[in-house]
Amino acid sequence: MAFIGVIADSKHELQIKRILESRLNSPNKEYTIVVINEKSISNIKNIRFETILVMDLESVKAEKDSLNEIIKNAKYLILNADLENNIEDIQNVNLNIITFGFNSKATITASSVENNFIICLQRKLISLEQKVIEPQELEVKLDRIKAQINSHNIMGIASILLIYGKTEIFF
């Protein structure tokens with residue numbers, strides 16, 4: 001069983017967790033999605049996360065040292081590039097960092113948010129299964145929940161789905 005950590009504001013953390021569980025878990029592979037916040041971080045500091053999604057750092061700002069220790073042991077860090085306070089002092093050379101956001105240098109950005117939500121993968125990614133995902137634009141299908149989810153959450157969730165081999169992105 002693999003662990004995926006989600007650091008988000010309290011308003012969105014459960015929504016992100018539910019979407020990831022519904023899209024990633026299958027009879028062949030099961031993932032445990034763990035919400036990381038100031039209340040939970042001391043209880044989970046010994047969990048080895050495969051992936052950590054950082055949507056917002058406010059919920060863990062008082063636990064910066066514990067957070068850095070958790071991140072150093074992860075394989076992937078998916079980071080909101082639009083955050084003002086990025087995570088510092090990450091020294092794990094085996095860590096794959098993927099950024100997302102409206103920042104033009106982000107790995108994954110939005111190329112359309114009007115009628116259809118389209119993300120742009122600006123650099124190739126290597127999935128957990130070691131498959132190369134080339135730069136491209138992908139439509140995110142949001143039929144059920146479009147009005148209930150913000151653009152950063154869409155890009156963050158799409159980033160995780162891509163590294164877990166899901167190139168058809170819907171939720």
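Below or above, wherever it landed, is the structure these notes cover.

Reading the values: rules and limits
Residues numbered from 1 in each chain as written. Predicted model: local features only at pLDDT ≥ 70, side-chain atom pairs only at ≥ 80, totals over all residues. Heavy atoms only, no water. Helix = DSSP H or I, 4+ residues; strand = E, 2+ residues; numbered from the N terminus. Buried < 20%, exposed > 50% of the residue type's maximum accessible area, 1.4 Å probe, protein only. Polar contact = N/O pair within 3.5 Å; in protein donor to acceptor, adjacent residues only side chain to side chain. Contact = heavy atoms within 4.5 Å. Axes fitted to C-alpha atoms, helices over the stretch in contact; angles between N-to-C directions. Parallel < 35°, antiparallel > 145°, perpendicular 65-115°, else oblique. Left-handed = near helix turned anticlockwise from the far one by under 90°. Core = buried A, V, L, I, M, F, W, Y, C linked by side-chain atoms within 4.5 Å. Phe/Tyr/Trp six-rings, centres within 6.5 Å; stacked < 30°, edge-to-face > 60°. Expected span 1.5 Å × (residues − 1). Salt bridge = Lys/Arg side-chain N within 4 Å of Asp/Glu carboxyl O.

1. Quick look at the side chain of D56
Now for step 1: As for its position among the elements, D56 is in the loop between β3 (51-54) and α3 (64-72).
Now for step 2: Looking at D56, the relative accessible area reads 19%, which means it is buried.
Now for step 3: At 3.3 Å, the side chain of D56 and the backbone nitrogen of E58 are in polar contact.
Now for step 4: Once residues lying within four places of it in the same chain are set aside, the contact partners of D56 are I7, A8, D9 and L83.

2. Let's talk about the packing of helix α1 (residues 13-24) against helix α4 (residues 151-163)
When two helices pack together, their arrangement is given by the angle between the helix axes and by the axis-to-axis distance.
Now for step 1: Closest axis-to-axis distance for the α1/α4 pair is 11 Å, and the angle between their directions is 30°. Classified by the angle between their axes, α1 and α4 sit roughly parallel to one another. Remark: the crossing between α1 and α4 carries right-handed chirality. Mapping the contact onto sequence places Q15, I16, I19, L20, R23 and L24 in α1 and N153, I157, I160 and L161 in α4.

3. Focus: the nonpolar core
Now for step 1: Counting 38 residues, the largest nonpolar core has I119, I169 and F171 as the members making the most contacts within it.
Now for step 2: Counting residues in hydrophobic clusters, the runner-up holds 18 residues, among them F49, L67, I70 and I71.

4. Comments concerning unusual backbone geometry
Of all residues except glycine, most have a negative phi; of all peptide bonds, most are trans.
Now for step 1: Although it is not a glycine, Q130 sits at a positive phi angle of roughly 65°.
Now for step 2: For Q130, a relative accessible area of 58% translates into the label exposed.

5. Thoughts on the packing of aromatic side chains
Now for step 1: If you walk through the whole model with that rule in mind, you get two aromatic pairs.
Now for step 2: Aromatic side chains F3 and F49 sit 6.4 Å apart centroid to centroid with 75° between the ring planes, which places their arrangement in the edge-to-face category. With F3 in strand β1 (residues 2-7) and F49 in the loop between α2 (41-44) and β3, the pair connects residues that are 46 residues apart, well separated along the chain.
Now for step 3: Judged by relative accessible area, which is 25%, F3 ranks as partly exposed.

6. A word on α4
Now for step 1: Look at α4: 19 Å from first C-alpha to last across 13 residues, which is about the 18 Å you get at 1.5 Å a residue.
Now for step 2: Residues N153, I154, M155, G156, I157, A158, S159, I160, L161, L162 and I163 constitute the buried set of α4.
Now for step 3: Just downstream of α4 lies G165, where phi reads positive at about 85°.

7. Things to note about the pattern of salt bridges
Now for step 1: The full count for this structure, using the stated rule, is two salt bridges.
Now for step 2: Between E69 and K72 there is a salt bridge, and its shortest N-O distance comes to 3.7 Å. Residue E69 and its partner K72 are located together in helix α3, separated by three residues, close to a single helical turn.
Now for step 3: Note that E129 is salt-bridged to K131, the shortest N-O span being 3.8 Å.
Now for step 4: What makes E129 exposed here is its relative accessible area of 54%.
Now for step 5: Its relative accessible area of 52% is what places K131 among the exposed residues.

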